[in-house]
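Residues per chain, in single letters:
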Amino acid sequence: QVQLVESGGGLVQAGDSLRLSCAASGRTFSAYGMGWFRQAPGKEREFVAAIDWSGGSTYYADAVKGRFTISRDNAKNTVYLQMNSLKPDDTAIYVCAAETRKFSGGSQYPGAFGSWGQGTQVTVSS
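Predicted model, so just to flag it, every value in this text is computed and none were measured.

Tell me about the sheet that holds strand E8 (residues 78-83), residues and numbers included.
If you walk across this open sheet you meet the four strands as E1-E3-E8-E7, and the pairing is antiparallel. On the outer flanks of this sheet lie strand E1 (3-7) and strand E7 (68-73), each paired with one strand and no other. For this sheet, the mean angle separating the axes of adjacent strands, direction not counted, is 15°. Summarising the sheet, strand E3 (residues 18-25) and E8 pair through six bridges and their orientation is antiparallel. Paired with Cys22 across the bridge in E8 is Val79.

So this is what it looks like as structure tokens:
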């Protein structure tokens, strides 16, 4: 089992940037793909971005493509989500997740992720 702790959320204005971090502990971080999901009030959880175990492949939801960038630092056991040009629609709790299967190619499906963090709130005002 892996423990995940997110940080970096906050209240910003439309057009601003934020960088979220997710620190992992408890197992070999570098062997697993990672993902970011978000859930806004009254809405279903949705996929945001994912990165495979090596960092060589990344995936994005259409709503964030071109504005968000996922990356990882395996030496620091941390995955990041750089969010630029933020919009009010990006307001949500952002949750980090770790895949269950080692050395997978990355996934955007929640069922592939077996460990989840508590989340960090991102609020974008207009």
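Give me the packing of aromatic side chains: which residues, what numbers.
By convention here, two paired aromatic rings are described through the distance between centres and the angle between planes. Evaluated as defined, the whole model comprises five aromatic pairs. The interplanar angle of 80° and the centroid separation of 5.2 Å between the aromatic rings of Phe37 and Phe113 together place this pair among those described as edge-to-face. Taken together, the residues span a long stretch of sequence, with Phe37 in strand E4 (residues 32-39) and Phe113 in strand E10 (residues 113-116) at a distance of 76 residues. Take Phe37 and Phe113: they sit in the same class, and that class is buried. The interplanar angle of 55° and the centroid separation of 5.0 Å between the aromatic rings of Phe37 and Trp116 together place this pair among those described as tilted. Note that Phe37 is positioned in strand E4 and Trp116 in strand E10, a separation of 79 residues in sequence. Of the aromatic side chains, those joined through ring pairs into one cluster are Phe37, Phe47, Phe113 and Trp116. One cation-aromatic arrangement involves Arg45 over Trp116; the distance from NZ or CZ to the ring centre is 4.2 Å.

Provide a residue-level description of the side chain of Ser115, including the pertinent values.
By secondary structure assignment, the location of Ser115 is in strand E10. Those residues within four positions of Ser115 in sequence are excluded, and the remaining contacts are Gln1, Val2, Leu4, Cys96, Ala97 and Ala98.

Which residues make up the state of the cysteines, and what values go with them?
Under the definition given, this model contains one disulfide. In this model, Cys22 is linked to Cys96 through a disulfide, with the two sulfur atoms separated by 2.1 Å. Negative torsions about the S-S bond denote left-handed disulfides, and the value of about -75° found for Cys22 with Cys96 makes this one left-handed. On the criterion of sequence distance, the pair formed by Cys22 in strand E3 and Cys96 in strand E9 (residues 92-102) is long-range, its members being 74 residues apart. Across the pair, exposure class does not vary: Cys22 and Cys96 are buried alike.

Could you give an account of the environment of Asp90, with specific residues and numbers?
Mapped onto the secondary structure, Asp90 falls in the loop between E8 and E9. Not counting residues within four places of it along the chain, the set of residues in contact with Asp90 comprises Arg38, Arg67, Phe68, Ser85, Val122 and Val124.

So, the side chain of Glu99: which residues are in play, and what are the values?
Counting through the fold element by element, Glu99 comes out in strand E9. In terms of polar contacts, Glu99 uses its side chain to reach the side chain of Ser104, at 2.6 Å. In contact with Glu99, not counting residues within four places along its chain, are Arg27, Tyr32, Gly33, Ser104, Gly106, Ser107, Ala112, Phe113 and Gly114.

Calculation rules
Residues numbered from 1 in each chain as written. Predicted model: local features only at pLDDT ≥ 70, side-chain atom pairs only at ≥ 80, totals over all residues. Heavy atoms only, no water. Pairing = 2+ DSSP bridges. Helix = DSSP H or I, 4+ residues; strand = E, 2+ residues; numbered from the N terminus. Axes fitted to C-alpha atoms, helices over the stretch in contact; angles between N-to-C directions. Phe/Tyr/Trp six-rings, centres within 6.5 Å; stacked < 30°, edge-to-face > 60°. Buried < 20%, exposed > 50% of the residue type's maximum accessible area, 1.4 Å probe, protein only. Lys NZ or Arg CZ within 6 Å of the ring centre and 35° of its normal. Contact = heavy atoms within 4.5 Å. Disulfide = S-S within 2.5 Å. Polar contact = N/O pair within 3.5 Å; in protein donor to acceptor, adjacent residues only side chain to side chain.

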